[in-house]
Amino acid sequence: MQPLNQMKFDIESRGLKISQHDWGSFGEIVNEVNYRKGECIFDMDETESPMLFVAAGIASANMLSDTGRVFIYRFFEQGHLCTRISSAWLNSGHDDTIECVTDLSGVLIPFDYWKKEYLQGNGLGEYFRQKCLEALLFAKDVIRIKTLSQTRVAYEFLANEHKTVVQQAPQKTIAKFIGITPEAMNRFLRGYRKLANDKD
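Right, let's talk about the overall build of the chain for a bit. When helices and strands are counted, the chain shows nine helices and eight strands. In terms of overall dimensions, the chain is globule-like: its C-alpha atoms have a radius of gyration of 18 Å, near the 16 Å expected for 200 residues. The principal-axis extents of the C-alpha atoms in the chain amount to approximately 60 × 40 × 30 Å. Accessible surface, the chain: about 11,500 Å² in total, of which carbon and sulfur atoms supply 49%. Computed over 24 positive and 26 negative side-chain charges, the inter-centroid distance for the chain is 8 Å.

Laid out in structure tokens, this is it:
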């Protein structure tokens, strides 16, 4: 399914209606995009911060710790709106990057257009507001998981909330989200799977 069609399907699955005229105008403003695995979607040096609707694939939001280690603070999958909204809204610099974990396709939405619809729009505006509320609630869960600092809890959170990440992302990528080394990730998975097999 083409990215714009996937986005329209997501909108309509929520019972929201967009007129043909409004959807046609939206299609002229946005861009359908494709990225390859490992490609950087949004870099720290970029001055613009468009919204990206993820039609297919997985992206990660990455930051650099004080010790120089890269860690992942969240993933974006099909149906997610991907952006650095706080820095875009405040017109400040970026302290993170968004990178492709897998090949990814999506719809790039200019931030100013998104902001106007978010604040004043009906059909698309309602859709964007729902998406942002979902992202806010999801971020609360991520903060709770990160605060607990328990590998098993973080892994099971991914398994429940990001099934495709667990299925498709490299173990080293999952390790960056949990906050452990790839070697520690391997040891954890061996023990975790053995425990699951023993229960069976």
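Taking strand neighbours across the sheet as the criterion, the four strands line up as S1-S8-S3-S6 in an open arrangement whose pairing is antiparallel. Both outer strands of the open sheet, strand S1 (31–35) and strand S6 (81–82), are each paired with one neighbouring strand and no more. Strand direction decides the pairing type here: strand S3 (residues 51–56) and strand S8 (residues 104–109), joined by five bridges, are antiparallel. Bridging across to S8, methionine 51 finds its partner in isoleucine 109. Packing of helix H4 (residues 111–120) onto the sheet brings it into contact with S3, S6 and S8, and relative to S8 it is tilted by some 70 degrees.

To continue, consider the pairing of strand S4 (residues 59–64). Sheet analysis places S4 next to strand S5 (residues 70–76), joined by six bridges and oriented antiparallel. Residue serine 60 lies in a different strand from S5, and its bridge partner there is phenylalanine 75. Taking the residues that link successive antiparallel strands as the turn, the S4-S5 hairpin has five residues, and the phi of glycine 68 there is positive, at about 95 degrees. Bridge analysis of S4 against strand S7 (residues 97–100) gives four bridges, and the strand direction is antiparallel. Residue pairing in the sheet places asparagine 62 in a bridge with threonine 97 of S7.

About the cut-offs
Residues numbered from 1 in each chain as written. Predicted model: local features only at pLDDT ≥ 70, side-chain atom pairs only at ≥ 80, totals over all residues. Heavy atoms only, no water. Helix = DSSP H or I, 4+ residues; strand = E, 2+ residues; numbered from the N terminus. Rg over C-alpha atoms; globule rule 2.2 N^0.38 Å. Areas by Shrake-Rupley, 256 points an atom, 1.4 Å probe, with all protein chains shown as cover. Lys, Arg positive; Asp, Glu negative; His and termini not counted. Charge placed at Lys NZ, Arg CZ, Asp CG, Glu CD. Pairing = 2+ DSSP bridges. Contact = heavy atoms within 4.5 Å. Axes fitted to C-alpha atoms, helices over the stretch in contact; angles between N-to-C directions.

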